[in-house]
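# Understanding the architecture of this molecule
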Amino acid sequence: VSVVYLTLRRLRAPLLLLIGVYAIGITGLVLIPGVDESGRPSPMGFFHAFYFLTYTASTIGFGEIPRAFTDLQRLWVTVVIYLSVIGWAYTLTALLALVRDEAFRTAVTTRAFQRRVRRVTEPFYIVCGYGETGSLVCRALDALDIHFVILDIDPLRVQQIELDTHRNDIAALAADARLPENLLGAGVKQAGCRGVLALTNDEAANLAVAIAAKLLNPGIPVLCRATRPDIEANMASFATDHIINPFRLFGEYLWDALHAPALHVLVQRLTGLPGEPLVVQNPPPHGPWVVCGYGRFGREVVESFLREGLSATIVDPDPTLAADPRIVPGLGTEAGTLGRAGVAEAVGIVAGTDNDIANLAIAMTARALNRRIFVVIRQNLQANRALFAAFGAEITMVSAEIIADECVALISTPLLARFLQIAERQNEAWATEVNARLEEATGGDVPSVWALRVDPIHCPAIARELECGARVTVGHLRSHPSDRARPLDCIALLLLRSGEPMLLPAQDVALERSDAVLFAGTAEAQRLQLLIASNSKVCDYVRLGIEAPDGWIWRVLARVRTGAAAAGR
Amino acid sequence: MNLEKVIFAFVILLAATLNFGFVYGDIDDPAHHEIWELYAAVVVNLVATVLKLGDRTQIGAVHLSTSLVAVLQLIAAALVWFFAGAQAIEPVRMAAIVSLAAGALFANVVSVAMMVTETVMLRR
């Protein structure tokens, strides 16, 4: 709704009333004859009548101008004053009511939001839903200096955004992201829009956002949170780019940890917080497991156990499941049920209901029954974080964090997601070797992971060399700018050339224009590599081992010298 | 019958007729032009303008602009009358006032024409 039109529409009645009052007042004042000092009749002109009414009606009250009124005039003015004061009071109240009006304020804030979005010149993402997941994603994107705008249906959460500290200025609107006009207002068709993240806790809403975004701007990627199979299938049917199901992701993660510990460590290493020491979790043990809660989460977990050939006893209170012989009916919060499920002999327990307190009760009871049991616990609400930290399970599964990590990885280094996908298909020996090489480069810390794009914007120096037909290899990008014999503390994980991935490219692979190379290593190595990529002199040095002369005179001298040397030879 | 439509048509037509009534007569003869009629034309034109506010359609926008033009011309005419003084008005001044009001009349005629066209198109 347009602000101007809304204002005009609402002020129509008060303005008509004012015109009416003024018209009556002026007519009366002009008709009623006045007298001058000598008693001769002196009628009031239209201009003076209007002037008198203007200062009287607005309660300025200069007095009887140009000369004292007759009694009849005063009688009329009395009537007109009452009329006009009512008229003005009505107009001002209508104006104030309009400013306080919900619809009007929504129109104003929507307008301001749209104007701000239009002014965003950097590439940005649209985040729909600022709940637990959304706020985690936003915090991470903000730390990476990736711009975004937020839509959330709850005005309270939008106020929360203003209170949360962000490094960048963030545009947020309390609006229903399901409505296409709000997505349009958030800039889904703007040139700078790089993608849409549908992270609300309403899966149908995420689906609606995904459809709308795909129709309005088919070129941009859509990242969607979904846990219901029907919604997931629906999203997949119109090519939603990334459907993020935290339960499935966790199931795969658990399977990795059970099946391929080295690969699991590699994934943890590459997706952790750079610079922090790597904490390698103990892999979950092989043996019989107990799974409490057989909902969407429980099913994924049981699937992983079965895939690995482990037996899992399920505890669930749902009577419709009671026919299944694997299922022990009950909540799992009581010692009796857990005992029947065989907790005493089990190597591990998964507390995976959708109730945090129940999960904690299950885990604590299980620990009491079997002190050595491996506990996997599901945390549903961020608010209960302190309780889960105090309990200290071997693995704590937090949906919001899984989704947030996945989103941030997909957005910040899409190449890493590609690499991990390929890595899944490699064997343990390969993963152990990559782990060893990373360990060598960065010590025990989590490495930084970055992608280098060979194009004039990201690597001006290299792009120029390639234009001249020079040969730049992956090895050059790993040479130290001050001593090229020394390698930088990083390794090349993946080279992507026109869509074709090359895993762990060798040192002598020559770069081509618009290649993308994924590196992992220390932050220092990343900084130095940027120097090679952007500074022609450094690039020449690592390539040829010569220091190019500075300035015109030195360059001429160098040319003369090489010319003389060539002649002398 | 819609009361809103009746009032709308009434005001627009009245604005045009009052304007015409003021302009009618010899252009420079003060006896042919009544100040009360000019005053009434200004007031009714103001009302017409406010009635047209807040219509978002294309035709509504053109309606509003015709009224704004008419009001502007009529107020200009009133100002000329004010500067000419309250006493006997010179024929030259009168001609200026009437020609300004005639301009407003043209805008009002456009407004009426649009209203009629709109009605005809709706009641095919």
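Rules and cut-offs
Here the residue numbering is sequential within each chain, running from 1 through the sequence in written order. Chains carry letters from A onward and ligands carry numbers from 1 onward, assigned in written order. Local features in this predicted model are restricted to residues of pLDDT 70 or higher, and side-chain atom pairs are both shown and tallied only at a pLDDT of 80 or more, whereas totals for entire chains, interfaces and linings draw on every residue. Based on all heavy atoms of the structure, the side-chain values leave hydrogens and waters out of the count. Elements are defined by DSSP. Helices are runs of H or I of four residues or more, strands are runs of E of two residues or more, and each kind is numbered from the N terminus. Within these notes, the globule rule equals 2.2 Å times the number of residues to the 0.38 power, and the radius of gyration is based on C-alpha atoms. Each residue is assigned to one of three classes by its accessible area relative to the maximum for its type, calculated with a 1.4 Å probe on protein chains only: buried under 20%, partly exposed between the two thresholds, exposed over 50%. In what follows, a contact means two residues having at least one pair of non-hydrogen atoms within 4.5 Å. Only the protein chains shown count as cover for residues, and all accessible areas are computed by the Shrake-Rupley method using a 1.4 Å probe. Charged-residue counts in this description rest on Lys and Arg as positive and Asp and Glu as negative, His and the chain ends being excluded. One atom stands in for each charge, and that atom is NZ of Lys, CZ of Arg, CG of Asp or CD of Glu. Buried area, as used here, totals the accessible surface that two parts lose on assembly, with accessibility defined by a 1.4 Å probe and the loss added over both. Polar contact is the term for a pair of N or O atoms within 3.5 Å; when the atoms are in protein, one must be able to donate a hydrogen and the other to accept it, and sequence-neighboring residues count only if both atoms are side-chain atoms. Residues are sorted three ways: Asp, Glu, Lys and Arg are charged, Ala, Val, Leu, Ile, Met, Phe, Trp, Tyr, Cys and Pro are nonpolar, and all the rest, Gly among them, are polar. Salt bridge criterion: a side-chain nitrogen from Lys or Arg within 4 Å of a carboxyl oxygen from Asp or Glu. Given the number of residues in a helix, its expected span is that number minus one, multiplied by 1.5 Å. For two strands to be treated as a pair, DSSP must find at least two bridges joining them. Throughout, an axis means a line fitted to C-alpha atoms (over the contacting stretch in the case of helices), and angles, computed between N-to-C directions, take values from 0 to 180 degrees. The pairing test for Phe, Tyr and Trp rings, Trp by its six-membered ring, is centres within 6.5 Å, and the orientation test on the planes gives stacked under 30 degrees, edge-to-face over 60, and tilted for anything in between. Whether a charge lies above a ring is judged from NZ of Lys or CZ of Arg, which has to be within 6 Å of the ring centre and within 35 degrees of the ring normal. Predictor confidence is given residue by residue as pLDDT, running from a minimum of 0 to a maximum of 100.

Here the focus is the overall build of chain A. A count of helical and extended segments in chain A gives 23 helices and 18 strands. Expected size for 569 residues packed as a compact globule is a radius of gyration near 25 Å; at 36 Å, chain A overshoots this value by more than 25%. The 569 residues of chain A split such that 48% are buried. Within chain A, counting contacts between residues at least 6 apart in sequence, those at least 24 apart form 66% of the total. Accessible area of chain A: about 28,300 Å², with a carbon and sulfur share of 58%. Taken as two groups, the 52 positive and 58 negative side-chain charges of chain A have centres that lie 7 Å from each other.

It is worth spelling out the interface of chain B and chain A at this point. On the side of chain A, 17 residues touch chain B, which itself brings 13 residues to the contact. Buried surface at the junction of chain B and chain A, summed over both partners, amounts to about 1,500 Å²; 77% is from carbon and sulfur atoms. Inspection of the chain B/chain A interface yields 4 residue pairs in polar contact (both at pLDDT 80 or more). The element that contributes the greatest number of residues to the side of chain B that touches chain A is helix α2 (residues 35-52) of chain B, accounting for 8 residues. Looking at the side of chain B that touches chain A, its residues break down into 10 nonpolar, 1 polar and 2 charged.

Quick look at the pattern of salt bridges now. Residues and elements named next belong to chain A. By the definition in use, this model includes 21 salt bridges over all chains. Its salt-bridge partner being Arg-248, residue Glu-232 comes within 2.8 Å of it at the nearest N-O pair. Taken together, the residues Glu-232 in helix α10 (residues 229-237) and Arg-248 in helix α11 (residues 246-259) connect sequence positions 16 residues apart. When its relative accessible area of 12% is taken as the criterion, Glu-232 is described as buried. Residue Arg-248 is classed as partly exposed on the basis of its relative accessible area, which comes to 36%. A cluster of three or more residues bridged by salt bridges with shared partners is formed by Asp-176, Arg-178 and Asp-202.

In this model, helix α17 (residues 399-412) of chain A (14 residues) spans 20 Å end to end at C-alpha, consistent with the 20 Å of a helix rising 1.5 Å per residue. When α17(A) is considered as a whole, its buried residues turn out to be A:Ser399, A:Ala400, A:Ile402, A:Ile403, A:Ala404, A:Cys407, A:Val408, A:Leu410 and A:Ile411.

Below, the discussion takes up the sheet that holds strand β8 (residues 312-316) of chain A. Residues and elements named next belong to chain A. Read across the sheet, 6 strands follow the order β9-β8-β7-β10-β11-β12 without closing on themselves; strand pairing throughout is parallel. Either end of the sheet is taken by a strand with one partner, and the two such strands are β9 (327-329) and β12 (395-398). Adjacent strand axes in the sheet meet at a mean angle of 15°, parallel and antiparallel pairs treated alike. Relative to β12, α11 is tilted by about 155°, and along the sheet it contacts β11 (374-379) and β12.

Tracing the backbone through its elements, the reader meets A:Ala205 in helix α9 (residues 203-216). Sequence-distant contacts of A:Ala205, that is, excluding residues within four places in its chain, are made with A:Arg178 and A:Thr200.

Okay, the sheet that holds strand β5 (residues 222-225) of chain A next. Residue and element names in this part refer to chain A. Spatially, 6 strands are ordered β3-β2-β1-β4-β5-β6 in an open sheet, and the strand pairing comes out parallel. At either end of the open sheet lies a strand with only one pairing partner, and these are β3 (171-174) and β6 (242-244). Each adjacent strand pair in this sheet contributes to an overall mean axis angle of 15°, direction not counted. Its contacts with the sheet place helix α6 (residues 132-143) against β1 (124-128), β2 (147-152), β4 (193-198) and β5, and it is angled at close to 165° to β2. Across the sheet, α17 is in contact with β1, β4, β5 and β6; its angle to β6 comes to roughly 160°.

Applying the stated criterion across every chain, the model contains 20 aromatic pairs over all chains. Taking 5.5 Å as the distance between ring centres and 35° as the angle between the ring planes, the aromatic pair formed by A:Phe250 and A:Phe297 counts as tilted. Within this pair, whereas A:Phe250 is found in helix α11, its partner A:Phe297 is found in helix α13 (residues 296-307), the two being separated by 47 residues in sequence. Judged by its relative accessible area of 2%, A:Phe250 falls in the buried class. On the accessibility criterion, A:Phe297 (1% relative accessible area) is buried. Among the aromatic residues, ring-to-ring pairing joins A:Phe47, A:Tyr51, A:Phe52, A:Tyr55, A:Phe62, A:Phe69, B:Phe82 and B:Phe83 into one connected group. Across the ring face of A:Trp255, the terminal group of A:Arg307 is positioned such that the distance to the ring centre comes to 3.6 Å.

With that out of the way, let us pick up the pairing of strand β17 (residues 500-503) of chain A. Residues and elements named next belong to chain A. Alignment of strand β16 (residues 490-497) against β17, held across 4 bridges, turns out to be antiparallel. Its bridge partner lying in β17, Leu-494 is registered against Leu-503. Counting the residues that bridge the hairpin from β16 to β17 gives 2 residues, and of these Ser-498 lies at a positive phi of roughly 40°.

Our next topic: the confidence of the model for chain A. For chain A, mean pLDDT is 86; residues scoring 70 or higher make up 98% of the total. At the low end of the mean pLDDT range in chain A sits helix α23 (residues 551-568) of chain A, at 70; at the high end sits β1(A), at 93.

Another point: the side chain of A:Glu465. Residue and element names in this part refer to chain A. Structurally, the position occupied by Glu-465 is in helix α20 (residues 460-467). Within the local environment of Glu-465, its side chain forms a polar contact with the side chain of Arg-543, the two groups lying 2.9 Å apart. When sequence neighbours within four positions are dropped, the list of residues in contact with Glu-465 reads Ala-470, Val-472, Ser-536, Cys-539, Asp-540 and Arg-543.

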